[in-house]
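An overview of the molecular structure
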Amino acid sequence: MGDNPFEVLKEDLENEELYLKVNAMHRTRIVAQLMGLDKIKSTLLPHFESLIKKEDDEVLFAMAEELGHVA
């Protein structure tokens, strides 16, 4: 795993295990704080947008919860 918090989050979200993806999504708030607003807009949000059509409801619910606390 790399040192970049976003890359670590991305790798964790690619895991096959649903509970690991949900746990990773619950770290979004911390990763977003480390990234800063510009990187959130240019990197994090576009990546999450790509997940919307392919992720399970549990992962999407965790995403919605965490994004409610970002910014």
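The paragraphs below set out a description of the structure included in this document. Since the model is a prediction, treat every value here as computed from it, not as a measurement.

In this section: the pattern of salt bridges. Side-chain pairing between opposite charges can occur once the charged atoms of the two side chains come close. Counted under the stated rule, the structure contains three salt bridges. Measuring nitrogen to oxygen at the nearest pair gives 3.1 Å for the salt bridge that ties Lys 21 to Glu 55. Here Glu 55 lies in the loop between α4 (37–51) and α5 (57–67) and Lys 21 lies in helix α2 (residues 18–25), a separation of 34 residues in the sequence. In this structure, the salt-bridge partner of Arg 29 is Glu 66, at a minimum N-O distance of 3.4 Å. Of the two residues, Arg 29 is situated in helix α3 (residues 28–35) and Glu 66 in helix α5; the sequence distance between them amounts to 37 residues. Overall, the relative accessible area of 33% leaves Arg 29 in the partly exposed class.

Turning next to α3. Looking only at α3, the buried set comprises Thr 28, Val 31, Ala 32 and Met 35. The buried residues of α3 occupy an angular sector of 100° when the element is viewed end-on, so they sit on one face. Opposite the buried face of α3, at more than 90 degrees from it, the exposed residues are Ile 30, Gln 33 and Leu 34. Buried residues along α3 sit against α1 (5–13), α2, α4 and α5. Backbone geometry just downstream of α3 places Gly 36 in the positive-phi region, at approximately 90°.

Let us now look at the nonpolar core. In this structure, Leu 9, Leu 13, Met 25, Leu 44 and Phe 48 are the most contacted members of the largest nonpolar core, which totals 17 residues. Those residues within four positions of Leu 9 in sequence are excluded, and the remaining contacts are Ala 24, Met 25, Thr 28, Val 31, Leu 44 and Phe 48.

Relative orientation of the contacting elements α4 and α5 amounts to 155°, with a least axis distance of 11 Å. Overall, the two elements α4 and α5 adopt an arrangement that is roughly antiparallel. Judged by the sense of rotation from one axis to the other, the crossing of α4 with α5 is left-handed. Judged by residue contacts, Leu 45, Phe 48 and Leu 51 of α4 engage Leu 60, Met 63 and Leu 67 from α5. For the contact of α4 with α5, a count of residues per class yields six nonpolar, no polar and no charged.

Let us look at α4. Here α4 contains 15 residues, and its C-alpha end-to-end distance of 20 Å stays within 8% of the 21 Å for a straight helix at 1.5 Å per residue. Of all the bends in α4, the largest measures some 30° and sits at Leu 44, one to four residues before the proline Pro 46. Three or more residues of α4 are buried, namely Ile 40, Leu 44, His 47, Phe 48 and Leu 51. Taken together, the buried residues of α4 touch α1, α2, α3 and α5.

Definitions and cut-offs
- Residues numbered from 1 in each chain as written.
- Predicted model: local features only at pLDDT ≥ 70, side-chain atom pairs only at ≥ 80, totals over all residues.
- Heavy atoms only, no water.
- Salt bridge = Lys/Arg side-chain N within 4 Å of Asp/Glu carboxyl O.
- Helix = DSSP H or I, 4+ residues; strand = E, 2+ residues; numbered from the N terminus.
- Buried < 20%, exposed > 50% of the residue type's maximum accessible area, 1.4 Å probe, protein only.
- Arc of directions from axis to C-beta.
- Contact = heavy atoms within 4.5 Å.
- Core = buried A, V, L, I, M, F, W, Y, C linked by side-chain atoms within 4.5 Å.
- Axes fitted to C-alpha atoms, helices over the stretch in contact; angles between N-to-C directions.
- Parallel < 35°, antiparallel > 145°, perpendicular 65-115°, else oblique.
- Left-handed = near helix turned anticlockwise from the far one by under 90°.
- Nonpolar A, V, L, I, M, F, W, Y, C, P; charged D, E, K, R; others polar.
- Expected span 1.5 Å × (residues − 1).
- Bend = angle between axes of the 7 residues up to and from the residue.

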